[in-house]
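Architecture and fold: a report
Chain residues, written in single-letter form:
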Amino acid sequence: MPQYLRFIPLGGLGDIGRNMALFEYGHNILIVDAGVMFPENDMLGIDLVIPNFEYLRDKKDWVRGIVISHGHEDHTGALPFLLQEIEAPIYSTRLVNALIDHKLKEKLGRRHKVALHDVTPGEDFRLGPFHIHTVPLTHSIPDSMALAIDTPVGRVIHSGDFKIDYTPPGGGGPNLSRLAALAAEGVLALFADSTGAERTGFTPSEKTLEPAFDQIMRAAPGRVIIASFASQLYRLQLIIDIAHRYGRKVAIAGRSMEQNFETARRLGYLHVPKGAYVRLPTALKMPPEQVTLLITGSQGQPEAALARMAANRHREIALSPQDTVIISASPIPGNEEVVGRMINQLVDRGVEVIYPPIAHVHVSGHASQEEMKLLLSLVHPRFFVPVHGEPRHLHLHARLAESMGIPRERIIRLRDGDVLELGPERAAVVEHVPGDYVFVDGSGVGDVGPQVLRERDVLARDGFVAAIIPLRKDTRELASAPQVITRGVIYKDQSDATLTEAEAVLLDAVQRSKKNRNALKSAAIDALSRYFYKNTRRNPLIEPVIVEIDTSGQ
Ligand SMILES: [Zn+2]
Ligand SMILES: [Zn+2]
């Protein structure tokens, strides 16, 4: 019998997103979550980033099941890609399974064969040598769970994404007594959400948003248009309730939000009073003061509803100065600039824009420091591993644990791909497996590497130069003068003079160079990079094209 449990994070330790962890005992693997990360600004043309599944490829029949902690994309979005490679049953709540089923039908076809097992939060089940207890915790979406996993070497607890919200809209709340009871029997290791580690104090309840929304909906002279995440089901519930209070009908613009809304309503996770909801075309014909619109695009995503409305290129909705726009979200780090620009556009259109911190219209779904301490002191683990965060979040969470008296040698900082061996007395990183990004670009998975991204980056910033070198096949001499073509490098009114000069530089370089292909190419690249840098301060992507001309027949 193996003495150790292996914990392998394949994503989520170093970035927010792409969360996926493996628990391995002997030839048994339990997967917790399989999420996506949305690309950063410098990942041009990339649609999604998913974890690297390389480690699992020769262990497909070790996988006993996939447990999903809650219904957010950064925990579920990579499932369609993972399930093309391995076959395994999914265990999650009814709501999460319904959201996943949509996704699988879209990507794998309506008749996909993936087994989705519904679990009620609080229920236990067994997968191979793992006995899993689910514990209801709170987050920004209903049915978020922590997992207590019993293994042959001891019990470990994974927090999932959490905050401690005693009054989530729609009722319920964290089951702290169950967590405490499970913890009292001894916990070998705790893996806990670090996202909010920079915030002191407690994260306020979702309920605390009510006064601000109430006041805005009561006083707004026209439509109230609210941008939020499609997956913030608690927020949607709050908005529906308050809109109903003031006789406003709620309508939804945006397919992802409409789909989540319909699914949650059908399963009873959203309570929509009779007549409180109308379709968008109906809402657009109603008196504006009777309408609330829910839309996507709180992060300034250029193709989402809000950015299109701000730029006046939304097909159905045109903004009017009577409208009040609420951005019910904080910009995710990296998006601040885009969101700021969008707010400026909205202000220029004359609409009233309300966003944090000018009004209390958003709270985080993640624990702040005092809630993290609460979890640590309830669970009292032997080893502590901060997860779900950028390096600074993981670092601060580790510090916090240390400040509570957990000895430094029992706090373990991991990176994606680290293999942590856990035994009753020992925790050590023993090897490293691939934990890097896999890019999804259009329909291709993994065929775009860092080299392609670097080229796209250069193209976008500095443009493109083609150097065409016509060479006689027989004599290896120039058949005619070389030509330079540029895109995105020089302004049109300077272009004639610059191009003539560049072509002269190229001609000179080619004449001095040896006449084999490699020598010609590097001579052209050297000369033109130097020329364009000197004259435009840019480093365009330079592509020499040697055209061999067969003159023997002439
Ligand atoms: Zn989440
Ligand atoms: Zn998350």
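These lines cover the structure that appears in this document, whether it is placed above or below. Source: prediction; values computed, not measured.

What counts and what doesn't
Residues numbered from 1 in each chain as written. Chains lettered and ligands numbered in written order. Predicted model: local features only at pLDDT ≥ 70, side-chain atom pairs only at ≥ 80, totals over all residues. Heavy atoms only, no water. Donors = N, O, S within 2.8 Å, 3.2 Å for Na, K, Ca; no water. Tetrahedral: all angles 85-135°; square planar, octahedral: opposite > 155°, others 65-115°. Helix = DSSP H or I, 4+ residues; strand = E, 2+ residues; numbered from the N terminus. Buried < 20%, exposed > 50% of the residue type's maximum accessible area, 1.4 Å probe, protein only. Phe/Tyr/Trp six-rings, centres within 6.5 Å; stacked < 30°, edge-to-face > 60°. 1 Å grid on protein atoms, 1.4 Å probe; cavity = no way out; pocket = protein on both sides within 12 Å on 5 of 7 lines; lining within 4 Å. Points joined across faces, edges and corners; volume = space filled by probe spheres on them. Core = buried A, V, L, I, M, F, W, Y, C linked by side-chain atoms within 4.5 Å. Domains from an automatic or database assignment. Pairing = 2+ DSSP bridges. Axes fitted to C-alpha atoms, helices over the stretch in contact; angles between N-to-C directions.

**Re the coordination of the zinc ion (ligand 1)**
Around a metal, the idealised angle for a tetrahedral arrangement of four donor atoms is 109.5 degrees; for an octahedral arrangement of six donor atoms it is 90 or 180 degrees. Coordination of the zinc ion (ligand 1) by the protein is provided by H70 (NE2), H72 (ND1), H139 (NE2) and D161 (OD), with metal-donor distances spanning 2.1 to 2.4 Å. Coordination at the zinc ion (ligand 1) is irregular: its 4 donor atoms span angles of 90 to 167° at the metal. Linear spacing of the donor residues for the zinc ion (ligand 1) on their chain is H-x1-H-x66-H-x21-D. Between the two metal centres, the zinc ion (ligand 1) and the zinc ion (ligand 2), the spacing is 3.4 Å, with D161 acting as a shared donor. One end of the pair, H72, is in the loop between strand 5 (63–67) and helix 1 (73–76); the other, D161, is in the loop between strand 11 (154–158) and helix 4 (176–184), and 89 residues separate them in sequence. Both residues of the pair, H72 and D161, count as buried.

**Observations regarding the coordination of the zinc ion (ligand 2)**
Each protein donor to the zinc ion (ligand 2) is listed here as D74 (OD), H75 (NE2), D161 (OD) and H388 (NE2); together their distances run 2.1 to 2.2 Å. Coordination of the zinc ion (ligand 2) draws on donor residues from a single chain, spaced D-H-x85-D-x226-H in sequence.

**So, the packing of aromatic side chains**
Considering all chains together, one arrives at 7 aromatic pairs under this definition. Here the aromatic rings of Y531 and F532 are separated by 5.4 Å at their centres, their planes lie at 80°, and the arrangement is edge-to-face. In this pair, the class of Y531 matches that of F532, namely buried. Site record: aromatic cluster; members linked through ring pairs are F7, F23 and F191.

**With respect to unusual backbone geometry**
For the bond running from P356 to P357, omega is 5°, close enough to zero to count as cis. Topologically, P357 is positioned in the loop between strand 17 (352–354) and helix 11 (369–379). We note that N312 has phi near 60°; this positive angle belongs to a residue other than glycine. In this fold, N312 is placed in the loop between helix 9 (305–310) and strand 16 (324–327). The class of N312 is partly exposed, set by a relative accessible area of 48%. Located in the positive-phi region is H388, a residue other than glycine, with phi close to 55°. The class of H388 is buried, set by a relative accessible area of 5%.

**Considering the layout of surface pockets**
In this structure, the second largest pocket encloses a volume near 290 Å³. As for the second largest pocket, its lining consists of 19 residues, of which P142, D143, G170, G171 and Y234 are closest to the centre. Secondary-structure elements contributing two or more residues to the lining of the second largest pocket are strand 9 (130–137) and helix 6 (233–245). The dominant element in the lining of the second largest pocket, judged by the number of residues it contributes, is helix 6, at 3 residues.

**A short note on the nonpolar core**
Ranked by size, the top nonpolar core spans 37 residues in total, and within it F213, I226, F261, L270, L294, I326 and V361 carry the most contacts. Those elements that provide at least two residues to this core are helix 3 (94–108), helix 5 (210–219), strand 13 (224–227), helix 6, strand 14 (249–253) and helix 7 (255–266). Sort the elements by how many residues they give to this core and helix 6 lands first, with 7 residues. Two domains each donate at least three residues to this core, and these are domain 1 (5–201 + 364–442) and domain 2 (206–354). If you look at the next biggest cluster of nonpolar residues, it comprises 33 residues, including L10, I50, W62 and V440.

**Focus: the sheet that holds strand 10 (residues 144–151)**
An order of 8-9-10-11-12-18 is seen for the 6 strands of this open sheet, with the pairing classed as mixed. Two strands bound the open sheet, and with one partner strand each, they are strand 8 (124–127) and strand 18 (383–387). Adjacent strand axes in the sheet meet at a mean angle of 20° when their direction is disregarded. As defined by bridge partners, strand 12 (residues 189–193) adjoins strand 18 across 5 bridges and the pair is classed as parallel. Its bridge partner lying in strand 18, F191 is registered against V385.

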